[in-house]
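# Understanding the architecture of this molecule
So the chains spell out like this:
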Amino acid sequence: MRREILIDCATPETRIALLEDDVLTEVFVERPSGRGITGNIYKGRVGNVLPGMQAAFVDIGTGRDAFLHMQDLESPAGDVELLETGPAGNPMPDGVGAPPAPGRIEDRLKAGQELLVQVSKDPVPEKGARLTSLVSFPGRLLVYLPNHPQNGISRRIEDPTERERLQGLIQGVARDLGLPGGFIVRTAGEGRATREFVPEALTLAATWDDVRRRAEGAQSPSLLHQESSAVTKVLRDVLGEDVQRIVVEGDAALREVQELVSRIEPALGSRIHGHAGPEPLFEARGVQHHLERALRSRVWLKSGGSIVIQSTEALVAVDVNTGKYTGTRRLEETILRTNLEAAVEIVRQIRLRDLGGIIVIDFIDMETQASKDEVLLALQSEMRRDRAKSRVLQISEFGLVEITRQRTKRSLERLLCLPCPTCSGSGRLKSPETIVYEILREVRRLGRLEAATRVVARVHPEVASFLEEKRPGLIDPEAFPARTRLEFEADAALRHGQFTLTLKEED
């Protein structure tokens, strides 16, 4: 696979695009006013402890209490609390599993208690941040778990011989350096020699020592450690031999990227290029067009079919349609081809939009088990490219596939858009006819009116236009007292569903 990283820092907003075989698959956006806090480490203060939920709310100084569940709470070991879950803010394929902390949360935490926590999920409008007390420090080759005495290997490294070599190597590094805790060898560590791991292990351990020193004298709540910038994180997590080019727009960003790559992958320095064209980088490479498409609910497939993506509070629903594609032979062949094409595009959209939680895909119904197996295999194969932790379940008898995907930050839609103030995010508006009937009911609630009273209803222009055509069949003059008139006036200042009523007496 051929990868390319495009970095746009021409404005205060940083945008990074990951292209695989010239197809946009992931986008990272960071703004000065809205930088994510996933990976940040805080000295927090416990607010409420909720035994019924086995959770606690912790004040970390961000304006809204964050959420800490018992399963994310470290386990005690003597006088030191050892951390027992995966690394916060990092893809879980690079993590290790561990048993949950024993006991009940009310026996572990009390209101007012101070503790060290790391953000594992950014806050969203309806919820505060999610916390873990398993502090972790990701590097290029390693993740350091200072309070977790277990070493692990990335699940993406599949060769048994290499896994065994790396397991012995990292145990030797930790032992020889005398560092507490454990390490996880990340995917980028495959094939590396011992000398390449030692400097990073020492750097990560030094970072932990710095956090501990700050925590000793810090008030709570306070920020102890801030996660790296988007540029640093992407290059740290994505950069490898399969990245053919890194194109940067912005002189300061170009120098930053050159300096960073010279430290983490010096051999790839020649692949960095500055963008000097008259057209902005994302426009020149077609990325802007795909970003705008990623904010639409319907995505068209090359065959003429389409997928429709709808996000709700509970889950993300994806529907597959044949659309204009009718095929040339059997119906089953037509359906199979559409579903296979949709499977590839759905995974791309999941990664591009950064959709998380429960994702339900409604494929077009297939008759044969062989077709179902082929579509599921294609879906699983594409999901293996995704760096986020996910699980794909079997196709149900109704043609549905459920995917659970790790969510650590806001989706692209939540990041770039606000809910519509008119429809409140429902995506639906009341029809003009519905609004007219609401007005009539409101007039009835006014009770009996004096004779010769004018009721003036000011409405959105679209509703007024509808009334010009439909009024005779909608409004019965007999419904009002003698000489009482109901009039409508267009007002462009009103939202679609708004209206006002004014009573005026005839001169």
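See the structure above.
Presented here is an overview of the structure given in this document. Think of each chain on its own: its residues are numbered from 1, step by step along the sequence as written. Residues qualify for local features only when their pLDDT is at least 70, as the model is predicted, and side-chain atom pairs are given and counted only at 80 or more; totals for whole chains, interfaces and linings, by contrast, use all residues. Hydrogen atoms and water are omitted, and side-chain values are computed over all heavy atoms in the structure.

### Quick word on the overall build of the chain
Secondary structure elements follow DSSP: runs of H or I of four or more residues count as helices, runs of E of two or more count as strands, with numbering from the N terminus. Counting its regular elements, the chain contains 12 helices and 26 strands. For every residue, the accessible area (1.4 Å probe, protein chains only) is compared with the maximum for its type, and the residue is labelled buried under 20%, exposed over 50%, or partly exposed between those bounds. Scored against the burial criterion, the 507 residues of the chain give a buried share of 47%. Note on areas: Shrake-Rupley with a 1.4 Å probe; residue coverage comes only from the protein chains shown. Of the accessible surface of the chain, which amounts to about 25900 Å², a share of 49% is contributed by carbon and sulfur atoms.

### Description of the sheet that holds strand β3 (residues 23-30)
The strand order across the open sheet built from five strands is β3-β2-β1-β16-β17, with neighbouring strands paired in mixed fashion. At either end of the open sheet lies a strand with only one pairing partner, and these are β3 and β17 (272-274). Averaged over all neighbouring strand pairs, the angle between strand axes comes to 20°, with direction disregarded. Any two strands between which DSSP finds at least two bridges are classified as paired. Of the strand pairs in this sheet, strand β1 (residues 3-8) and strand β2 (residues 14-20) are connected by six bridges, and their pairing is antiparallel. Note that in β2 the partner of L6 across the bridge is A17. Packed onto the sheet, helix α5 (residues 251-264) meets β1, β16 (243-249) and β17 and runs at close to 170° relative to β17. Whether two residues are in contact is decided by their heavy atoms: any pair within 4.5 Å suffices. Angles shown run from 0 to 180 degrees and are taken between the N-to-C directions of axes, each axis being a line fitted to C-alpha atoms and, for helices, limited to the stretch in contact. Taken strand by strand, helix α8 (residues 331-353) contacts β1, β2 and β3, and its axis lies near 15° from that of β3.

### Let's talk about the side chain of R293
With respect to the helices, strands and loops of the structure, R293 is situated in helix α7 (residues 287-293). Buried within the structure, R293 lacks any salt-bridge partner; E345 is the closest side chain of opposite charge, at an N-O distance of 4.9 Å. Apart from residues no more than four positions distant in its own chain, R293 is found in contact with V299, W300, R348 and R353. Here Asp and Glu are counted as negative and Lys and Arg as positive; His is not counted, and neither are the chain ends. In what follows, salt bridge is the name for a side-chain nitrogen of Lys or Arg lying within 4 Å of a carboxyl oxygen of Asp or Glu.

### What about the sheet that holds strand β26 (residues 499-505)?
Strand order in this open sheet of three strands is β25-β24-β26, and the pairing throughout is mixed. Both outer strands of the open sheet, β25 (485-490) and β26, are each paired with one neighbouring strand and no more. Going across the sheet, the axis of each strand differs from the next one's by a mean of 25°, ignoring polarity. Sheet topology note: the strand β24 (residues 453-459)/β26 ladder contains seven bridges and is antiparallel. Within β26, the position partnered with V456 by the bridge is T502. Helix α11 (residues 432-445) contacts β24, β25 and β26 of the sheet and is inclined by roughly 45° relative to β26.

### Focus on the packing of α8 against helix α9 (residues 369-383)
Running from N to C, α8 and α9 cross one another at 15°; their axes reach a closest spacing of 9 Å. Judged on the interaxial angle alone, α9 and α8 are roughly parallel. The way α8 lies across α9 gives a crossing that is right-handed. Mapping the contact onto sequence places E332, L336, N339, L340, A343, V344 and V347 in α8 and S371, E374, V375, A378, L379, E382 and M383 in α9. For this classification, Asp, Glu, Lys and Arg are treated as charged, while Ala, Val, Leu, Ile, Met, Phe, Trp, Tyr, Cys and Pro are nonpolar and the rest, including Gly, are polar. Counted by class, the contact of α8 with α9 contains nine nonpolar, two polar and three charged residues. With respect to orientation, any angle under 35 degrees is reported as roughly parallel, any angle over 145 as roughly antiparallel, any angle of 65 to 115 as roughly perpendicular, and every other angle as oblique. By convention the crossing between two helices is left-handed if the near helix lies anticlockwise of the far one by an angle smaller than a right angle, and right-handed if it lies clockwise.

### Quick look at the packing of aromatic side chains
For this analysis, a ring pair means two rings from Phe, Tyr or Trp (six-membered ring only for Trp) whose centres lie within 6.5 Å, classed as stacked if their planes differ by under 30 degrees, edge-to-face if by over 60, and tilted for the remaining angles. A full pass over the atoms with the stated rule returns three aromatic pairs. Taking the centre distance of 5.7 Å and the plane angle of 65° together, the rings of F57 and F67 count as edge-to-face. Here F57 is found in strand β5 (residues 55-59), whereas its partner F67 is found in strand β6 (residues 66-69), with 10 residues between them in sequence. Take F57: its relative accessible area is 28%, and that puts it in the partly exposed class. Classification of F67 as buried rests on a relative accessible area of 17%. Centre to centre, the rings of Y144 and F183 are 4.8 Å apart; their planes meet at 25°, and the pair counts as stacked. Placement of the pair is Y144 in strand β12 (residues 142-145) and F183 in strand β14 (residues 182-185), with a sequence separation of 39 residues. Among the residues examined, Y144 registers a relative accessible area of 0% and is labelled buried. Taking relative accessible area as the criterion, F183 reaches 0% and is therefore assigned buried. Placement of a positive charge over a ring is assigned whenever Lys NZ or Arg CZ falls within 6 Å of the ring centre and within 35 degrees of the normal to the ring plane. The ring of W300 has R298 lying over it, and the distance from NZ or CZ to the ring centre is 5.7 Å.

### Regarding the side chain of D354
You can see D354 is positioned in the loop between α8 and β21 (357-362). If we skip the residues at most four places from it in the chain, D354 touches Q349, R405, K409, R410 and S411.

### Looking at the nonpolar core
For this analysis, a nonpolar core means a set of buried residues of the types Ala, Val, Leu, Ile, Met, Phe, Trp, Tyr and Cys, connected via side-chain atoms within 4.5 Å. In terms of nonpolar packing, the biggest core is built from 28 residues, with I346, I361, F363, L379, V401 and I403 touching the most fellow members. Residue assignment for this core shows that the elements contributing at least two residues are β19 (306-311), β20 (316-321), α8, β21, α9 and β23 (400-405). No other element matches α8, which puts seven residues into this core. Residues within four places of L379 in sequence aside, it is in contact with A343, V347, I361, F363, V392, V401 and I403. Ranked by size, the runner-up nonpolar core spans 26 residues in total, among them A174, F197, W208 and A218.

### Focus on the packing of helix α2 (residues 160-177) against helix α3 (residues 194-217)
For the pair α2 and α3, interaxial distance at closest approach is 10 Å and the crossing angle is 45°. In terms of their interaxial angle, α2 and α3 are classed as oblique. Both α2 and α3 take part in a crossing whose hand is right-handed. Contacts between α2 and α3 involve L166, L169, V173 and L177 from the former and T194, F197, V198, A201 and L202 from the latter. Considering only residue class, the contact of α2 with α3 consists of eight nonpolar, one polar and no charged.

### Quick look at the pattern of salt bridges
Under the definition given, this model contains 37 salt bridges. One salt bridge in this structure joins R3 and D242, with 3.8 Å as the shortest N-O distance. Of the two residues, R3 is situated in strand β1 and D242 in the loop between α4 (230-238) and β16; the sequence distance between them amounts to 239 residues. When its relative accessible area of 29% is taken as the criterion, D242 is described as partly exposed. With its nearest N and O atoms 2.9 Å apart, the salt bridge here joins R165 to E162. You can see R165 and its partner E162 sitting in helix α2, three residues apart, about one turn around the helix. Look at E162 and you get buried, because its relative accessible area is 11%.

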